[in-house]
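Report on the structure
The primary structure of each chain is shown beneath.
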Amino acid sequence: MAGLRTILFIEDDKPISEMYTRTLERNGYVVDFAYNGAEGIQKANQKHYDLILLDIMMPEKSGIEVLQDLRGEDGLGHPDTKIIILTNLAQDKTSQEALKSQADGYIIKADIVPSQLVEIIGNLR
Amino acid sequence: MQSTRFKRQTLALFFIVSLVPALVVAAIWYVDTQLGDTNSLIVDIHSFILPVFLIGVVPALLLSFAFAELLARPVRRLHAAVQRLAQGNYQKLDIPNSSGEFGEIAVALDQVATQLSQTISAAASETALIESERNKLRGVLNSMTDGVFALDRDGRIILFNKAASELTGRSIAEVAGQLAEKVMPFRQGGELVMTRWLATEAGPDQKIGHWRNLELYRANGESLYVDVQAILLPQDPNGISALVTFHDLTKTQQLEEMKIDFVALAAHELRTPLTEVKGYLDLLAHEATRLSKADREFLNRAIDGANQLGELMNNLLNVARIEHGELNYHPGHLDYLDFIQENSRVYELLVTGKDRQFELKIPANLPTITADDSGLREVISNLILNAIAHTAPQTGKVTLQVKRHRDEIETSVIDNGTGIPSSAIPHLFTKFYRVEEMKAATRGTGLGLYISRSIIEAHGGHIWAESEEGKGSTFTFRIPVRALVTQANVTDNTTKITRGAHGWIKNNPLH
């Protein structure tokens, strides 16, 4: 598992976060939740996580704003934390390109299943 | 018949009337010869005058009146009938008790009236028909979304439909009788192409002219872009010399865009429930321990269905993006031989997993090209999945062949399957096209080849199909070694961003 163990899941849709979490926990990961963007930023700044899974369409603060807050000039940067966007929102080319400087991945939820997410995370280094 | 009766009656009347004075004269003569005395005669005559008058003159007068009345009544009736006729009442005259000559006149008059009435009702129904046709035509013209107007011999507007009025922002009253080149100046590069054509082509023959994307100023000064069709009508009896229709392109484009937005939105909104369907099926597949063989089969079918649905949505979204010109391409330097060898393992598993034979034919070396690897991966996957679908297990064979063709790299997917009817080949790469004969056998969306074509064309390449029914098909694409994209847009693949069809992970292979 190459040292990657703790995950913060920032996602407003409970059935979806529970679905992924179940599989992640069965595979030995420790998962915390945040149900909106603001809560996500707060939790990310309180504790170190190896990985943040980040939805885009959320109340309070969108995933894009969370990313700016965590990785932008005024943010803490969290250099040891990987951030993967996990969304069903199909960003256009320009927006995706812009995200590349700050995010470590962009995954369309509907294209993967929980077991594939575990596989992808297992391959991160 | 009537005529004879009339004669008999008349003769009888004359006879009676002329008999009365004769009887009077005869009576006076008789009295005179009997008495002989003048005085007494005078007295007697005086005493005779009253009875004679009563017996002779009164009936004569009465009879005359009766006779006159007998003559006058049919004349009056005829007169009334003619007057009714004159007033436009052409119904059957119905002249009662007419006999003799008057009867004949009445009958003749009646026939005239009937004929008139028939002629007039025929004309009336014709007028009604013309009126209803005119209303229909007016309805059609005004319900059309295309603008329509007609010109007279001098090039002045004599007809202008509702759409023409709405599109140009000019009222019918405003344009009626105006020269078309003044109020409807369709321009192409500043030239009045349509009106000039009308003037130069005018002749004895009917002619049709088409123009695409002409500019027309609306009343408020805005530009309108339209397709125009004009018909020259030299022989038109109504004095129309030309009929012009024009189609608003802005509206078409807006509609097209709305449709695309809807598709993109639908694909996006449908993904969320699909995520749960696929995700929980995956949990079930991994966690359920006491599933029977049949249960497991049902579960697998549900997973297959959900995956197909996901693919369909992504294809629809891709089509929407293609039409928006927004398909995400990230061209980079690509070692094509490496790329093919790496991916061929996945293709081989795909093909052999379906009990078909797989063969890879590649040259010893190939140049590095500028291309979007995930785009090309999608195209080759599409072609291989098609080849699998159209071959039979065990006997089926799919070959992936790559070779250099001058300044292009040529990639072919060859199968020994059912082949494609030659009539279908020209349509294969169009949107939603599915070969009729193959619909039952395959479950495609009719989008894969359309998307493939778009990807290859974005690389400056081309794609085509060759096939012989019963022997198999070959799908080939060529892309130039020197790609058309500028160097500035090229990302260096050494940063190793691995992109899946719909996502990417830095420094990590997604597939």
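The rules behind the values
In every chain, residue numbers begin from 1 and rise along the written sequence. Ligands are numbered from 1 and chains lettered from A, in the order in which they are written. Local features in this predicted model are restricted to residues of pLDDT 70 or higher, and side-chain atom pairs are both shown and tallied only at a pLDDT of 80 or more, whereas totals for entire chains, interfaces and linings draw on every residue. Helix and strand definitions follow DSSP, with helices as H or I runs of at least four residues and strands as E runs of at least two, each counted in order from the N terminus. We call a residue exposed when 12 or fewer other C-beta atoms sit within 10 Å of its C-beta, buried when the count reaches 20 or more, and partly exposed for counts in between; the C-beta positions come from the backbone. By definition, residue pairs are in contact when their C-beta atoms, positioned from the backbone, come within 7 Å. In short, DSSP must find at least two bridges between two strands for them to pair. Between N-to-C directions, angles cover 0 to 180 degrees, with each direction set by a line fitted to C-alpha atoms, over the stretch in contact for helices. A set of buried residues qualifies as a nonpolar core if it consists of Ala, Val, Leu, Ile, Met, Phe, Trp, Tyr and Cys joined through C-beta atoms within 7 Å. Expected helix span is taken as 1.5 Å per residue step, with the number of steps being one fewer than the number of residues. Throughout this description, any angle smaller than 35 degrees is read as roughly parallel, any larger than 145 degrees as roughly antiparallel, any in the 65 to 115 degree range as roughly perpendicular, and the remainder as oblique. The hand of a helix crossing depends on one turn: near helix anticlockwise from the far one by less than a right angle means left-handed, and clockwise means right-handed. Residues are grouped as follows: Ala, Val, Leu, Ile, Met, Phe, Trp, Tyr, Cys and Pro are nonpolar; Asp, Glu, Lys and Arg are charged; all remaining types, including Gly, are polar. Known as pLDDT, the predictor's per-residue confidence is scaled from 0 to 100. Throughout, the arc means the angular range of directions from the helix axis out to the C-beta atoms.

Turning our eyes to something else, we now look at the overall build of chain B. When you go through chain B residue by residue, the secondary structure sums to 12 helices and 14 strands. For chain B, the proportion of its 511 residues judged to be buried stands at 26%. Contacts in chain B between residues far apart in sequence, at least 24 positions, make up 60% of those at least 6 positions apart.

Within a sheet, neighbouring strands are paired by backbone hydrogen bonds and run either parallel or antiparallel to one another. All names here are of chain B. Ordered in space as 7-9-10-12-11, the 5 strands form an open sheet in which the pairing is mixed. Strands with a single pairing partner mark the edges of an open sheet, and in this sheet they are strand 7 (357–361) and strand 11 (462–468). Sheet twist, expressed as the average angle between the axes of neighbouring strands with direction ignored, equals 15 degrees. On top of the sheet, helix 10 (residues 336–353) reaches strand 7, strand 9 (397–405) and strand 10 (408–415); it is set at about 170 degrees to strand 7, its chief contact. Its contacts with the sheet place helix 12 (residues 448–458) against strand 11 and strand 12 (472–480), and it is angled at close to 135 degrees to strand 11.

What follows concerns the nonpolar core. Counting 78 residues, the largest nonpolar core has Ile52, Leu53, Leu54, Ile84 and Ile85 of chain A together with Ile384 and Val413 of chain B as its most contacted members. At 8 residues, the largest contribution of residues to this core is made by helix 11 (residues 373–389) of chain B. Here Leu54 of chain A is in contact with Ile10, Gly63, Val66, Leu67, Ile83, Ile84, Ile85 and Leu86 of chain A, once residues within four sequence places are set aside.

Residues and elements named next belong to chain A. Side chains of strand 5 (residues 105–108) alternate between two faces, with Gly105 and Ile107 and Tyr106 and Ile108 buried alike. Bridge count between strand 4 (residues 82–87) and strand 5: 4 bridges; the pairing is parallel. Of the residues in strand 5, the one forming a bridge with Leu86 is Ile107.

Here we come to helix 9 (residues 293–324) of chain B. At 3.6 residues per turn, the α-helix brings residues three or four places apart onto the same side. With 32 residues, helix 9 of chain B extends 47 Å between its outermost C-alpha atoms, agreeing within 8% with the 46 Å of an ideal straight helix rising 1.5 Å per residue. What helix 9 of chain B keeps buried is the set Ala306, Gly310, Met313, Asn314, Leu317, Asn318, Val319, Ala320, Arg321 and Ile322 of chain B.

Quick look at the sheet that holds strand 5 (residues 242–248) of chain B now. Residues and elements named next belong to chain B. Spatial strand order, 2-1-5-4-3: 5 strands in an open sheet with antiparallel pairing. The open sheet terminates on both sides in strands that have one partner only, identified here as strand 2 (157–160) and strand 3 (207–217). The mean angle between the axes of side-by-side strands here comes to 25 degrees, regardless of whether they run parallel or antiparallel. One ladder, built from 3 bridges, connects strand 1 (residues 147–151) with strand 2; its direction is antiparallel. If you follow Leu151 over to strand 2, its bridge partner there is Ile157.

On to the packing of helix 9 of chain B against helix 12 of chain B, then. All names here are of chain B. The contact between helix 9 and helix 12 brings their axes to 10 Å, and the two run at 40 degrees. Taken as axis vectors, helix 9 and helix 12 run oblique relative to one another. When you trace helix 9 past helix 12, the crossing you get is left-handed. Residues Asn315, Asn318, Val319 and Ile322 of helix 9 form the contact with helix 12, whose participating residues are Gly448, Tyr450, Ile451 and Ser454. Residue composition of the contact of helix 9 with helix 12, grouped by class: 4 nonpolar, 4 polar and no charged.

Summarising the model, chain A shows a mean pLDDT of 84, and 88% of its residues fall at 70 or more. Mean pLDDT values for the elements of chain A range from 62 in helix 4 (residues 93–100) of chain A up to 95 in strand 1 (residues 6–10) of chain A.

As a further point, take helix 3 (residues 63–71) of chain A. Residue and element names in this part refer to chain A. Among the residues of helix 3, those classed as buried are Gly63, Ile64, Val66, Leu67 and Leu70. One face of helix 3 carries all of its buried residues, which in axial projection span an arc of 160 degrees. Among the structural elements, strand 1, helix 2 (37–46), strand 3 (51–54) and strand 4 are those in contact with the buried residues of helix 3.

Turning to the pairing of strand 12 of chain B, a few remarks are in order. All names here are of chain B. Where strand 10 and strand 12 come together, 7 bridges link them in antiparallel fashion. Residue pairing for strand 12: Ile414 is matched across the bridge by Thr474. Looking at chain direction, strand 11 and strand 12 are connected through 7 bridges and run antiparallel. Pairing of Ala465 across the sheet is with Phe475, part of strand 12. In this antiparallel pair of consecutive strands, strand 11 and strand 12, the connection spans 3 residues, and Gly470 shows a positive phi of 85 degrees.

The next subject is the packing of helix 10 of chain B against helix 11 of chain B. All names here are of chain B. Between helix 10 and helix 11, the shortest axis-to-axis distance is 11 Å and the interhelical angle comes to 30 degrees. Relative to helix 11, the element helix 10 is oriented roughly parallel. Where helix 10 crosses over helix 11, the handedness of that crossing is right-handed. Across from Phe339, Asn343, Tyr347, Leu350 and Val351 in helix 10, the residues of helix 11 making contact are Asp373, Arg377, Ile380, Ile384 and Ile388. In the contact of helix 10 with helix 11, the residues fall into 7 nonpolar, 1 polar and 2 charged.

Along the chain, Pro421 of chain B falls in the loop between strand 10 and helix 12. Sequence separation between Pro421 of chain B and Glu468 of chain B is 47 residues; the distance between their C-alpha atoms is 7.5 Å.

Among the secondary structure elements, Leu109 of chain B is positioned in helix 3 (residues 100–143). Residues Leu109 of chain B and Leu85 of chain B lie 24 residues apart in sequence; the distance between their C-alpha atoms is 9.3 Å.

Residues and elements named next belong to chain B. Even without being glycine, Asp355 reaches a positive phi, approximately 65 degrees. Residue placement: Asp355 occurs in the loop between helix 10 and strand 7. Unlike most non-glycine residues, Gln394 shows phi in positive territory, near 70 degrees. For Gln394, the position within the fold is in the loop between helix 11 and strand 9. Judged by local crowding, Gln394 falls into the exposed class, with 8 C-beta atoms found within 10 Å.

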